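Each chain is listed here by its residues.
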Amino acid sequence: MEPQMLIDPSGNLGLPAPYWFIELFKMLGFSLHAVPMNLWYAGLVLAMILSVAGSAHGRLFSRRLMAQMPVIVALGVNLGIVPLLFLQVAYAKVFYPATVLMAWFWLGIIVLLIPAYYGVYCYAFGLKDPSTPMAPWRRAAGWGAALFFLVIGFIFANGLSLMANVDAWPGLFHNHNVAGAATGSALNVADPSLWPRWLMMFGLAITTTSVWAVFDAAWFGRRESDEYRRWTPSFAWKLDSLGLLWFAVAGSWYVFGTWGPNAREAMFTSPLVLLTVVTALAPGLPWLLLWRVRGTDVGRPMASLIALAQFGVLGINAVSRQLVQNAEINPYYAPSRQPIESQWGPMALFLVAFVIALALVAWMIAQVMKASRSPSQAS
């Protein structure tokens, strides 16, 4: 069986928006989603470890992050709708076959997400009275949520890597079908790019969590002690160093050990080779900024600059990731060469809703900042 036979052969209705519009909002949406997603991906595990093995300041950071986690998860899930929407719009002919092959695992994301979300709430509500020890069942709920989000990340990595691994589809279909119907029980674990890609994203999530520690202390933690606000940048720099090393090792494994000829030709030749170099070096900028401010009480302008640099890292990775995905998929299906049947009404409605949603998120964050001002600032 040729892989092309498993790509949806139905008539092509064309893209409902220009290709550049779809790619722009897919990458922008993923970058926005990546911020809270990184915090629950690596931040949850870190917070749970610090809650039992951290210093006094480490336990305080754990409490702060876990108290914020219900809102972080809500924002991340909702922001994730945007890239998933545009992924299905432009890449439906490869997205749906891949997720049909692993349908039970893909549907399992919802099964895992619901108890993970409840687990975060259970743990966060247990933090309301610091004088009361955390109930064992609440602590177990926190560990369960951390584990479930790691598994969810693994399933997503499977689905998105399988989407680009079209050559593997016939073998997976042959081994996971009954009378010609896919059983939905396949996973992309034999793909050599899956493991380094999953680990690379975890390393990037560690760096985002480190930057959040400083941003949180500067913007939302003004009521905390001066000692805590001076401890946070040093802790963040050490954590970022770990994340940077993790990202470098897993990223090198991913790029030099698993990229196929199409991805190497696209990303190692001019002009995209420059983007490849920038993607590899970009995480060093937040690290340098954190190194500069370690041991100090970081002000809001500097914390914002560090956070903006980290968002740039996530954005650059989103662009590179999309280009690599396109290089792998294009031999079988090229969205950029599909006819365009623009639907201006839905596009306008999306843009209005997108802007309103971002404005509401900004307003909610402003209210949190107002409530977290120190007494001297409030007066």
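First things first, this report covers the structure right here in the doc. Worth saying up front: this structure is predicted, and the values here are computed from it rather than measured.

Turning to the overall build of the protein, a few remarks are in order. Scanning the protein for helices and strands turns up 14 helices and two strands. Its C-alpha atoms give the protein a radius of gyration of 22 Å, within 12% of the compact-globule value 21 Å for 379 residues. If you line up the protein on its principal axes, its C-alpha atoms span 65 × 45 × 45 Å. Within the protein, the fraction of its 379 residues that count as buried is 49%. A separation of at least 24 residues holds for 84% of the contacts in the protein among residues at least 6 apart in sequence. Carbon and sulfur atoms provide 71% of the accessible area of the protein, an area that totals close to 18,000 Å². Taken together, the 22 basic and 15 acidic charged side chains of the protein have centroids lying 13 Å from each other.

Here the focus is the layout of surface pockets. Its boundaries defined by the atoms lining it, the largest pocket holds a volume of some 1,400 Å³. Contributions of two or more residues to the lining of the largest pocket are made by α1 (19–53), α2 (56–90), α7 (194–219), α12 (300–329) and α13 (344–371). When residues of the lining of the largest pocket are assigned to their parent elements, the largest contribution, twelve residues, is made by α2. Residue composition of the lining of the largest pocket, by class: 32 nonpolar, six polar and three charged.

Let us look at the environment of C122. Looking at where C122 falls in the secondary structure, it is placed in helix α4 (residues 103–125). In this structure C122 comes out as partly exposed when scored by relative accessible area, which is 22%. It is 37 Å that separates the C-alpha atoms of C122 and L24, two residues lying 98 residues apart in sequence. Once residues lying within four places of it in the same chain are set aside, the contact partners of C122 are W137, R138 and A141.

Moving on: the nonpolar core. If you look at the biggest cluster of nonpolar residues, it comprises 110 residues, and the most contacted ones within it are L44 and F149. It is α1 that provides the largest number of residues to this core, a total of 18 residues. If near-sequence neighbours (up to four positions away) are discounted, F149 is found in contact with W40, Y41, L44, V73, L113, A116 and V120.

The next point concerns the packing of aromatic side chains. Any pair of aromatic rings gets described here by the distance separating the centres and the angle formed by the planes. Summed over the entire model, instances satisfying the criterion amount to 31 aromatic pairs. With a centroid separation of 4.7 Å and 10° between ring planes, the pair formed by W231 and F235 is classed as stacked. Of this pair, W231 and F235 both sit in helix α8 (residues 226–258), four residues apart, which is roughly one turn of that helix. Since its relative accessible area comes to 14%, F235 is described here as buried. An angle of 25° between the planes, with centres 5.6 Å apart, marks the rings of F350 and F354 as stacked. Here F354 and F350 lie together in helix α13, a separation of four residues that amounts to about one turn. By relative accessible area, F350 is classed as buried at 16%. Since its relative accessible area comes to 10%, F354 is described here as buried. Ring pairs connect the aromatic residues W20, F21, F25, F86, F350 and F354, which therefore count as one cluster. R294 extends its terminal NZ or CZ atom over the ring of W237, reaching a point 5.4 Å from the ring centre.

How each quantity is defined
- Residues numbered from 1 in each chain as written.
- Predicted model: local features only at pLDDT ≥ 70, side-chain atom pairs only at ≥ 80, totals over all residues.
- Heavy atoms only, no water.
- Helix = DSSP H or I, 4+ residues; strand = E, 2+ residues; numbered from the N terminus.
- Rg over C-alpha atoms; globule rule 2.2 N^0.38 Å.
- Buried < 20%, exposed > 50% of the residue type's maximum accessible area, 1.4 Å probe, protein only.
- Contact = heavy atoms within 4.5 Å.
- Areas by Shrake-Rupley, 256 points an atom, 1.4 Å probe, with all protein chains shown as cover.
- Lys, Arg positive; Asp, Glu negative; His and termini not counted.
- Charge placed at Lys NZ, Arg CZ, Asp CG, Glu CD.
- 1 Å grid on protein atoms, 1.4 Å probe; cavity = no way out; pocket = protein on both sides within 12 Å on 5 of 7 lines; lining within 4 Å.
- Points joined across faces, edges and corners; volume = space filled by probe spheres on them.
- Nonpolar A, V, L, I, M, F, W, Y, C, P; charged D, E, K, R; others polar.
- Core = buried A, V, L, I, M, F, W, Y, C linked by side-chain atoms within 4.5 Å.
- Phe/Tyr/Trp six-rings, centres within 6.5 Å; stacked < 30°, edge-to-face > 60°.
- Lys NZ or Arg CZ within 6 Å of the ring centre and 35° of its normal.

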